[in-house]
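Below, each chain spelled out in residue letters.
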Amino acid sequence: MRTTLPLMILVASCNLLSATTATAQEAATLPGLERTFQSVIKPFLKTYCSSCHGEQDPKAKLDLSGFSSLDAVRKDLGHWQLILERLDADEMPPADADARPSPPVRINVIHWIRALRRYEAHLNAGDPGPVLARRLSNAEYDYTIR
């Protein structure tokens, strides 16, 4: 009895962990990311970001008006890393902005960006990128000719 209780707790916690992981993976599917982009992220950008980072004279030379679809976001993840860092540090929108999102809204956007980054990382896992041709050293060239 004494050894079965810790074993049962271990099995239950493993099942809970696997269920949580499966739920997180289902939420990070492309259709789920697209739905969240249309319902949460796009209105967030329009409400809190477009006044300063729109087409007309964008501050910090960061124009967010081009991110009207998930495909546009996926093509420019570098800027979204910057957005993630600024939102996570609670630097944007600035304190003197006309409108600031509530903490739960800001946290939802942060979680969405992280989920998108995880999705893209998983999608490209194992891809080394372009493999460049390498020049042979003098010794390697000599051995090859021989």
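Here, the structure is the one placed above.
Attention here is on the structure that accompanies the text. (Residues numbered from 1 in each chain as written. Predicted model: local features only at pLDDT ≥ 70, side-chain atom pairs only at ≥ 80, totals over all residues. Heavy atoms only, no water.)

### Observations concerning the side chain of His 53
Counting through the fold element by element, His 53 comes out in the loop between α2 (30-49) and α3 (70-75). At 3.0 Å, the side chain of His 53 and the backbone oxygen of Lys 59 are in polar contact. Looking at His 53, its side chain comes within polar contact range of the main-chain oxygen of Leu 62, at 3.1 Å. In contact with His 53, other than residues within four places in its own chain, are Pro 58, Lys 59, Leu 62, Asp 63, Leu 64 and Ser 65. (Helix = DSSP H or I, 4+ residues; strand = E, 2+ residues; numbered from the N terminus. Polar contact = N/O pair within 3.5 Å; in protein donor to acceptor, adjacent residues only side chain to side chain. Contact = heavy atoms within 4.5 Å.)

### Some remarks on the layout of surface pockets
Of the pockets and cavities examined, the largest pocket occupies roughly 530 Å³. Mapped by element, the contributors of at least two residues to the lining of the largest pocket are α2 and α4 (77-88). Across the lining of the largest pocket, the residue classes tally to 19 nonpolar, four polar and five charged. (1 Å grid on protein atoms, 1.4 Å probe; cavity = no way out; pocket = protein on both sides within 12 Å on 5 of 7 lines; lining within 4 Å. Points joined across faces, edges and corners; volume = space filled by probe spheres on them. Nonpolar A, V, L, I, M, F, W, Y, C, P; charged D, E, K, R; others polar.)

### A few points about the packing of α2 against helix α5 (residues 103-123)
Put simply, α2 and α5 touch, their axes get as near as 11 Å, and they point 145° apart. Where α2 crosses over α5, the two elements pack in a sense that is left-handed. In this structure, α2 uses Leu 30, Leu 33, Thr 36, Phe 37, Val 40, Ile 41 and Phe 44 to contact α5, whose residues at the interface are Val 105, Val 109, Trp 112, Ala 115, Leu 116 and Tyr 119. Along the lines of polarity and charge, the residues of the contact of α2 with α5 split into 12 nonpolar, one polar and no charged. (Axes fitted to C-alpha atoms, helices over the stretch in contact; angles between N-to-C directions. Left-handed = near helix turned anticlockwise from the far one by under 90°.)

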